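The residues making up each chain are set out below.
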Amino acid sequence: MCYLESKKELVKIVKKLGKNKLLPGTSGNVSIRYNDNKILLTSSGSSSAFITYDDIVLTDIEGNIIEKTQKKPTSEIGIHTLIYKKRPDINAIIHSHSSALSAFAVAHKHLSCILAENIYYFKNVPFVPYFKPGSYELAMNTAACFENKDVNACFLLNHGFVLGAKNIKDAYNMTIMAENIAQIEINAYILGKFETLVCVNGNNDAI
Ligand SMILES: [Zn+2]
């Protein structure tokens with residue numbers, strides 16, 4: 001995909017994420033790997049509702065800006081660069097601040113085994129301890145989770161959710177799915193009856 005098309009796709013996905021309340025206001029950030037060792041990512045303070053091509057910043061894999069711009073990359077750039085360095089199979093990253101997933105991050109609660117999608121996509125979603133947003137410690141500890149090739153997402157405790165995928169469409173679909181699963185779990189809890197797949201099947205065979 002050419003440079004302009006990549007920028008266009010990123011803007012389109014960020015707007016979609018915004019419409020689905022996964023990046024409320026100016027929160028969260030999104031990136032794609034471009035031509036192996038470059039990264040296109042949202043700028044600091046950009047709003048998902050009003051994002052334009054000018055809000056997308058091009059950096060190298062170390063996070064150095066390589067195309068002249070008035071904008072600064074997101075302060076969470078370290079999360080993106082360090083994950084890309086560790087995982088050549090990941091080409092898109094979404095750091096979301098959606099309400100249901102962030103509720104799990106605040107409650108320090110893992111997603112329960114309630115639907116087949118949990119097992120298929122989100123069997124192992126580790127916790128990253130709380131560190132100041134934008135800090136090197138947060139970036140390092142988040143990227144460390146992704147050293148495990150089975151990990152595609154993690155909770156940032158008292159903060160949000162980070163997900164990596166092989167392309168931006170997959171990252172979008174998986175983030176939407178994770179938010180939906182988290183919301184279903186909260187809804188079931190409110191309804192007062194909560195069964196995991198192990199409860200339903202009595203064993204792990206069907207999982
Ligand atoms: Zn954040």
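Below: a short report on this structure. What you see as residue numbers is a count from 1 along each chain, following the sequence as written. A pLDDT threshold of at least 70 governs which residues receive local features in this predicted model, and a stricter bar of 80 or more applies before side-chain atom pairs are shown or counted, although totals over entire chains, interfaces and linings include all residues. As a convention, hydrogens and water are excluded, and side-chain values are obtained from all of the structure's heavy atoms.

**Description of the coordination of the zinc ion**
The protein atoms that coordinate the zinc ion are His95 (NE2), His97 (NE2) and His159 (NE2), at distances of 2.0 to 2.1 Å. The motif formed by the donor residues of the zinc ion, counted along the single chain, is H-x1-H-x61-H. We call an atom a donor if it is N, O or S and sits within 2.8 Å of the metal, or 3.2 Å for Na, K and Ca. Water is not counted, so some sites may look partial.

**Here we look at the sheet that holds strand 2 (residues 38-42)**
In this analysis, strands are considered paired if DSSP registers two or more bridges between them. Only DSSP runs of H or I covering at least 4 residues are called helices, and only runs of E covering at least 2 are called strands; the numbering of each starts at the N terminus. With mixed pairing, the seven strands of this open sheet are ordered in space as 3-2-1-4-7-6-5. A strand with exactly one partner marks an edge of an open sheet, and here the two such strands are strand 3 (56-60) and strand 5 (127-128). Where strand 1 (residues 29-34) and strand 4 (residues 92-96) come together, four bridges link them in antiparallel fashion. By the bridge assignment for strand 4, Ser31 is matched with Ile93.

**Here we look at helix 6 (residues 168-191)**
In a regular helix each residue adds 1.5 Å, so 24 residues correspond to 34 Å; helix 6 covers 34 Å between its end C-alpha atoms and thus fits that length. Buried residues of helix 6: Ile168, Ala171, Tyr172, Met174, Thr175, Ala178, Glu179, Ile181, Ala182 and Glu185, and no others. The contact criterion used throughout is that any non-hydrogen atoms of two residues lie within 4.5 Å. Against the buried residues of helix 6 lie helix 1 (3-19), strand 1, strand 4, helix 3 (99-107), helix 4 (116-121) and strand 7 (160-165). Pairing of N or O atoms within 3.5 Å defines a polar contact, subject to two protein rules: one partner must be a possible hydrogen donor and the other a possible acceptor, and residues neighboring in sequence count only if both atoms are side-chain atoms. Near the N-terminus of helix 6, the side chain that reaches the backbone nitrogen of Lys169, with its oxygen 3.1 Å away, is that of Asn167. Backbone geometry just downstream of helix 6 places Gly192 in the positive-phi region, at approximately 95°. The span one expects for a helix is its residue count, reduced by one, times 1.5 Å. Buried means the residue's accessible area, taken with a 1.4 Å probe over protein chains only, is under 20% of the maximum for its type, while exposed means over 50%, and partly exposed covers the values in between.

**Focus on the pattern of salt bridges**
Salt-bridge detection follows one rule: a side-chain nitrogen of Lys or Arg within 4 Å of a carboxyl oxygen of Asp or Glu. Counted under the stated rule, the structure contains nine salt bridges. Residues Asp55 and Lys71 are paired through a salt bridge, measuring 3.0 Å at the closest nitrogen-oxygen approach. With Asp55 in the loop between strand 2 and strand 3 and Lys71 in the loop between strand 3 and helix 2 (77-86), this residue pair connects regions lying 16 residues apart in the sequence. Note that Lys109 is salt-bridged to Glu185, the shortest N-O span being 2.9 Å.

**Section: helix 3**
Residues Ala100, Leu101, Ser102, Phe104 and Ala105 constitute the buried set of helix 3. Contact partners of the buried residues in helix 3: strand 6 (153-156), strand 7 and helix 6. Where helix 3 terminates, the next one or two residues include His108, which has phi positive at roughly 55°.

**As for the pairing of strand 1**
Of all six residues that make up strand 1, six are buried, and the element is covered over most of its length. The alternating pattern of strand 1 places Asn29, Ser31 and Arg33 and Val30, Ile32 and Tyr34 on opposite faces, both of which are buried. Here four bridges tie strand 1 to strand 2, and the two strands are oriented antiparallel to one another. Bridge assignment links Tyr34 to a residue of strand 2, and that residue is Lys38. Where strand 1 folds back on strand 2, the antiparallel hairpin that results is connected by three residues, among which Asn35 adopts a positive phi of roughly 50°.

The analysis is restricted to geometry; functional conclusions fall outside its scope.
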